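Chain and residue survey
Residue strings, one per chain:
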Protein chains: 4
Amino acid sequence: METKISTDQELIDCFIPMKENRGIKPEPIQVWVSDVHIGGREVIIIAGPCAVESMEQLVETAVSVKKSNAKILRGGAFKPRSSPYSFQGLGEEGLKMLHEVSIKTGLPVVTEVMDTRQIEIVCRYADMLQIGSRNMQNYPLLKEVGKTNKPVLLKRGMMATIEEFLMAAEYILSQGNKQVVLCERGIRTFETSTRNTLDLSAVPMLKRLSHLPVIVDPSHGTGLSWMVPSMAKAAVAAGADGLIMEVHYKPEEALCDGQQSLGLHEFTQLMKDLKRVAQAVGRDV
Amino acid sequence: METKISTDQELIDCFIPMKENRGIKPEPIQVWVSDVHIGGREVIIIAGPCAVESMEQLVETAVSVKKSNAKILRGGAFKPRSSPYSFQGLGEEGLKMLHEVSIKTGLPVVTEVMDTRQIEIVCRYADMLQIGSRNMQNYPLLKEVGKTNKPVLLKRGMMATIEEFLMAAEYILSQGNKQVVLCERGIRTFETSTRNTLDLSAVPMLKRLSHLPVIVDPSHGTGLSWMVPSMAKAAVAAGADGLIMEVHYKPEEALCDGQQSLGLHEFTQLMKDLKRVAQAVGRDV
Amino acid sequence: METKISTDQELIDCFIPMKENRGIKPEPIQVWVSDVHIGGREVIIIAGPCAVESMEQLVETAVSVKKSNAKILRGGAFKPRSSPYSFQGLGEEGLKMLHEVSIKTGLPVVTEVMDTRQIEIVCRYADMLQIGSRNMQNYPLLKEVGKTNKPVLLKRGMMATIEEFLMAAEYILSQGNKQVVLCERGIRTFETSTRNTLDLSAVPMLKRLSHLPVIVDPSHGTGLSWMVPSMAKAAVAAGADGLIMEVHYKPEEALCDGQQSLGLHEFTQLMKDLKRVAQAVGRDV
Amino acid sequence: METKISTDQELIDCFIPMKENRGIKPEPIQVWVSDVHIGGREVIIIAGPCAVESMEQLVETAVSVKKSNAKILRGGAFKPRSSPYSFQGLGEEGLKMLHEVSIKTGLPVVTEVMDTRQIEIVCRYADMLQIGSRNMQNYPLLKEVGKTNKPVLLKRGMMATIEEFLMAAEYILSQGNKQVVLCERGIRTFETSTRNTLDLSAVPMLKRLSHLPVIVDPSHGTGLSWMVPSMAKAAVAAGADGLIMEVHYKPEEALCDGQQSLGLHEFTQLMKDLKRVAQAVGRDV
């Protein structure tokens, strides 16, 4: 109610139409995560387990996804779980494992930060900060990551409109940090056969309204590993600048979200298929 | 997670898992619309105006889309409109125009039937009967089209679950007509920047649960002509067996849904792009 | 998309604000169902089984709900069911039972009509025609009931906005039949602990935007008989002109919707509670 | 149909059914906010402005709502706003004003805390901590307020299921703080004529599944001040243990949410009407 795009008097950093109306010509930006850039011709693949569980799990997964051409490693150390009695993540120990594996493999690392008090420690170990779906409107957290010099992966809230999503990005941009990547990860609808409803129309919409790179998370978007390949290909065809996917070396033993995780072999196969689709739309993987 | 049909005791025609549980091995079927078949390797493109308005409009559009390789012509003669004061379609006159243009161009024709009393006359002129989104649970209508020998294009209700959609198909199949094509056309969610939210995950889900061909309508699914190409490509990448799209020779003058209609030139360009994406996933247009 | 209330050029019968803008002073109308009027000071209670099953069931239920002060009997003869293999209603035989019990008890009868071809026969036996949720946008059906002289109970589609609901009423009114009662019966949302989400804010909204009486169906709105009393009281407190509730003499044996049906004793108790709430808001039951 | 907590092995504090299955007899608890208790026979009214703006505004509003029998004063010092350029609240200065007015009027004070770093200062000035809708799944924040000895008002997330809502409460309870009040404040649906869809069925559902008091916020639930009285009465009729409402001495000048704020006179009138409805359901205001 309170934030009509059309009535706001301020200069909004992320809305291309608003900038153009004021005579400013915005250019699509590229976000750098260590030496990987998101927002260029190449579709960037981010892969790894839902949660960091052990060095063995992390190393095996990281080495394998790197071989298949993934460019960034994902893995949660602090996990937002619906129940307080579910596995909550390894915390700082998990961050250290991520950092170590990052050095071993050369893959930069993205991991979630859930609380303003965690930012300092997460910045110490991670190359990119992830703001999860449940925290998309955690404004103190958005402002604080906006004061860091780390690139931010901002996931859409499962019930957030496109406008609210861009406004959340604006909270980060307004503090000076312009390195923000938007991530569509499924919205909540009446349909229950999938975990969420992956809203791929968000990809062209966000790219039209803003200058920020847009990636897609087909793992959370569907909740079903057998459906991830179809939707990953669809996301690339729709114009996504990247994908973030859950990959586990033993999905059936995962401590969290095993049902939606690809195995190592499935991921390798998918990467080949994605390359063909990316090339069909003038890009590459 | 997966759709459960827990209570029904009957042998359900459209659910592959239920059939397999009973030891029956169902095969994907192909639906024939005149000499065009849907459900094979080729992705079938259905194109044409939202509503039949005049012979000039219909001929110019049909000739052009055929040249670009569309295989079936669409066009509404009976139009379901939210307001009783909006244009309601040309009725039988529109059907005659469709039939005439079909003969001229060789394109078979699909058009909507809204009432049991219209079935006879629509069958006289059309090659395929469309059941619109608002009538997906109009059970007397479903039963009656199930008694005809015309193939049926069944659109998903904008608030229908996957299970309800398959049950609606079952109403047709149970009457003896096995020639049913399912069409995802966007569901209603909280998001208002698009007309509906195109649920592309419905494509792999429907194909897994049933043996019926599945097509996608990116025109109604987005409501925005500039977004149709992105979502059309995504639908093909996700595994759709076809697309149905609104194309108008003068979108800005259309009596209905002009905002979501492609112009002739845009459609021609899109068909080239679709061919590349189809080939990238092992199919063709 | 196509029907903005604010831009329509026609005189819309059901929208009070539009009429007032044109200098017409609309008054709330009262709908007469035989000798019962809906839309006055009294909150009208409609009760009866989901489906007509037998004379015994119908008589026992009707006599009991009448004793508790229900004013209209409900009961389905033609049943819209998600599966074609579920019980579909007794058809004309059910209509005859309804008519006979109506004469025996003096209660007028409301029952659903699903198809234009059924209108004549339903009009022969019923005092009020019900358009079910799934048919709210079945425009040929709406137009045809608009040509009869029977009052119409129009249920909100589970996916219909307030505006679409009023436009559906307009399809009936535009044909000359002004005796329309609107019924809120729950909308579809992400929440699954109830069958639907009963949108009680629709009551004050519809009463502000139109001059038609508004009633509420807490049985379908919740799907849970234990919750019906709470929501029935809430509906009356919110300003509803009536309630329609499922009551069965043996809920556990009901052929349809037993889980949401009140038993005879529960209904009697509820009617006493409703009287107190109605009086607290200046009305009566 | 009913909420299932299928996987958790722990003893869940807030779920009555789970406790009963373990042979523990849970009793409805009462929450004490200073000398006011929520969860007893009396329906507790919490009123005040959306945001603290000035001493004049706060004093005039507080004195007036107290005279009308409100028992707790609300007012935001830290405001979660969709846009970073909207008024963000007065911060600590606002907290001091709340505290001062609380002492002047004898009304205890509830105010929102948005960040773990704010908890200490908010606890210094407030009698009850509010967790807002956007932070319902901000787990670090929930855990921290669970370690304080202040009662907590937990608002349902606009996209949260009943189960997720109870699990969020569990995050607080599991840390030792058992003084939690649940607040239904509207969920997000496809309907746009109201700001949210107030889900009053949540009241009986939450009271059945848990032993925590349940209150309703008809101001955010509807977004329309003219609709607040209808829905406030409906909430009390549905069994709510309290209401929280936005009241402003000059709604048209409010810095935030003026459209949904009652004026002082409207509030006074509503309190009289609420008393009658409360008594009709065996309670009082």
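Anyway, here's the lowdown on the structure attached to this text. (Residues numbered from 1 in each chain as written. Chains lettered and ligands numbered in written order. Predicted model: local features only at pLDDT ≥ 70, side-chain atom pairs only at ≥ 80, totals over all residues.)

**As for the interface of chain B and chain C**
Reports of interface size often rely on the accessible area that becomes lost once the parts have come together. Across the boundary between the two partners, chain B contributes 29 residues, which contact 28 residues of chain C. Those elements that provide at least two residues to the side of chain B that touches chain C are α5 (139-145) and α6 (162-173) of chain B. A per-element tally of the side of chain B that touches chain C places α6 of chain B first, with 4 residues. Counted by class, the side of chain B that touches chain C contains 10 nonpolar, 9 polar and 10 charged residues. (Contact = placed C-beta atoms within 7 Å. Helix = DSSP H or I, 4+ residues; strand = E, 2+ residues; numbered from the N terminus. Nonpolar A, V, L, I, M, F, W, Y, C, P; charged D, E, K, R; others polar.)

**Here we look at the sheet that holds strand β9 (residues 214-216) of chain C**
Residues and elements named next belong to chain C. Spatial ordering of the closed barrel is given by β3-β4-β5-β6-β7-β8-β9-β10, a layout of 8 strands whose pairing is parallel. When the angles between neighbouring strand axes are averaged without regard to direction, this sheet yields 25°. The sheet strands contacting helix α6 (residues 162-173) are β7 (152-155) and β8 (180-184), and the helix crosses β8 at an angle near 155°. (Pairing = 2+ DSSP bridges. Axes fitted to C-alpha atoms, helices over the stretch in contact; angles between N-to-C directions.)

**Considering the interface of chain B and chain A**
Between chain B and chain A, the contact holds 34 residues from the first and 36 residues from the second. Each residue belonging to the side of chain B that touches chain A can be placed in one class, and the counts come to 18 nonpolar, 11 polar and 5 charged.

**Brief notes about the relation of the copies chain B and chain A**
Superposing chain B onto chain A takes a rotation of 180° combined with a translation of 0.0 Å along the rotation axis, leaving an RMSD of 0.0 Å. In short, the pair behaves as if placed about a two-fold rotation axis. Looking at the rotation axis and the C-alpha trace of chain B, the residue lying nearest is Ala 234 of chain B, at 2.0 Å. The share of interface residues of chain B whose copies in chain A are also at the interface is 91%, consistent with both copies meeting through the same surface. (Least-squares fit on C-alpha atoms with pLDDT ≥ 70 in both.)

**Digging into the relation of the copies chain B and chain C**
You can overlay chain B on chain C at an RMSD of 0.1 Å; the transform is a turn of 180° with a shift of 0.0 Å along its axis. A share of 86% of the interface residues of chain B reappears at the interface of chain C, consistent with the copies meeting face to face through the same patch.

**As for the pairing of strand β5 (residues 109-112) of chain D**
Residues and elements named next belong to chain D. What you see with β5 is no split at all: Val 109 and Thr 111 on one side and Val 110 and Glu 112 on the other are buried throughout. Sheet topology places strand β4 (residues 72-74) next to β5; 2 bridges connect them, and they run parallel. Pairing of Leu 73 across the sheet is with Val 109, part of β5. Where β5 and strand β6 (residues 128-131) come together, 3 bridges link them in parallel fashion. Across the sheet, Val 110 pairs through a bridge with Met 128, a residue of β6. (Buried ≥ 20, exposed ≤ 12 C-beta atoms within 10 Å, placed from the backbone.)

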